[in-house]
Amino acid sequence: MNKEAIIVGENYECRKTDFARPIIGEVVHKDDTGCVVNVERFSGLDTDKIDAQNGQVAITYDEVAGIVTNNSYLR
């Protein structure tokens, strides 16, 4: 997704390349290269990666797949 389409405070599905499965989280900060996501849902396979980041993960804009509303993923 592009920077302008992403809204701080909204939940997005993110497909981080070094994670086993997609994550869902709230965007808490945006800058020129990407955003910081407060992770809300993730695969148990990625627990160690989430814990190491205190529940927040840096995401590049091309790793954001789409917005999540009412527990539904939308492209």
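Report follows, based on the coordinates.

Quick notes on the rules
- Residues numbered from 1 in each chain as written.
- Predicted model: local features only at pLDDT ≥ 70, side-chain atom pairs only at ≥ 80, totals over all residues.
- Heavy atoms only, no water.
- Helix = DSSP H or I, 4+ residues; strand = E, 2+ residues; numbered from the N terminus.
- Rg over C-alpha atoms; globule rule 2.2 N^0.38 Å.
- Buried < 20%, exposed > 50% of the residue type's maximum accessible area, 1.4 Å probe, protein only.
- Contact = heavy atoms within 4.5 Å.
- Areas by Shrake-Rupley, 256 points an atom, 1.4 Å probe, with all protein chains shown as cover.
- Lys, Arg positive; Asp, Glu negative; His and termini not counted.
- Charge placed at Lys NZ, Arg CZ, Asp CG, Glu CD.
- Phe/Tyr/Trp six-rings, centres within 6.5 Å; stacked < 30°, edge-to-face > 60°.
- Lys NZ or Arg CZ within 6 Å of the ring centre and 35° of its normal.
- Salt bridge = Lys/Arg side-chain N within 4 Å of Asp/Glu carboxyl O.

## With respect to the overall build of the protein
Counting its secondary structure elements, the protein contains 1 helix and 6 strands. Each helix and strand of the protein, ordered N terminal to C terminal, gives the series β-β-β-α-β-β-β. Taking 75 residues into account, the globule formula puts the C-alpha radius of gyration at 11 Å, and the protein, at 11 Å, falls close to it. Projected onto its principal axes, the C-alpha coordinates of the protein cover approximately 30 × 25 × 20 Å. Each of the 75 residues in the protein was classed as buried or not, and the buried ones make up 33%. Considering only intrachain contacts with a sequence separation of at least 6, the fraction spanning at least 24 residues in the protein is 47%. Taken as a whole, the protein presents about 4500 Å² of accessible surface, with 46% of it coming from carbon and sulfur. Within the protein, the 13 negative side-chain charges are centred at a point lying 5 Å from the centre of the 8 positive side-chain charges.

## Remarks on the packing of aromatic side chains
Per the counting criterion, the structure on display carries 0 aromatic pairs. A cation over an aromatic ring shows up here: K49 above the ring of F19, its NZ or CZ 5.3 Å from the ring centre.

## A closer look at the pattern of salt bridges
Throughout the structure, instances matching the rule amount to 4 salt bridges. Across the salt bridge formed by E13 and R15, the nearest N and O atoms sit 3.0 Å from each other. A salt bridge links K49 to D46; its shortest N-O distance comes to 3.8 Å. Take K49: its relative accessible area is 30%, and that puts it in the partly exposed class. When its relative accessible area of 0% is taken as the criterion, D46 is described as buried.

## A look at the environment of P22
If you trace the backbone, P22 turns up in the loop between β1 (11-14) and β2 (23-30). With 47 residues separating them along the chain, P22 and T69 place their C-alpha atoms 16 Å apart. Ignoring sequence-local partners within four residues, the contact set of P22 consists of E13, C14, R15 and F42.

Distances and angles like these do not, on their own, reveal function.
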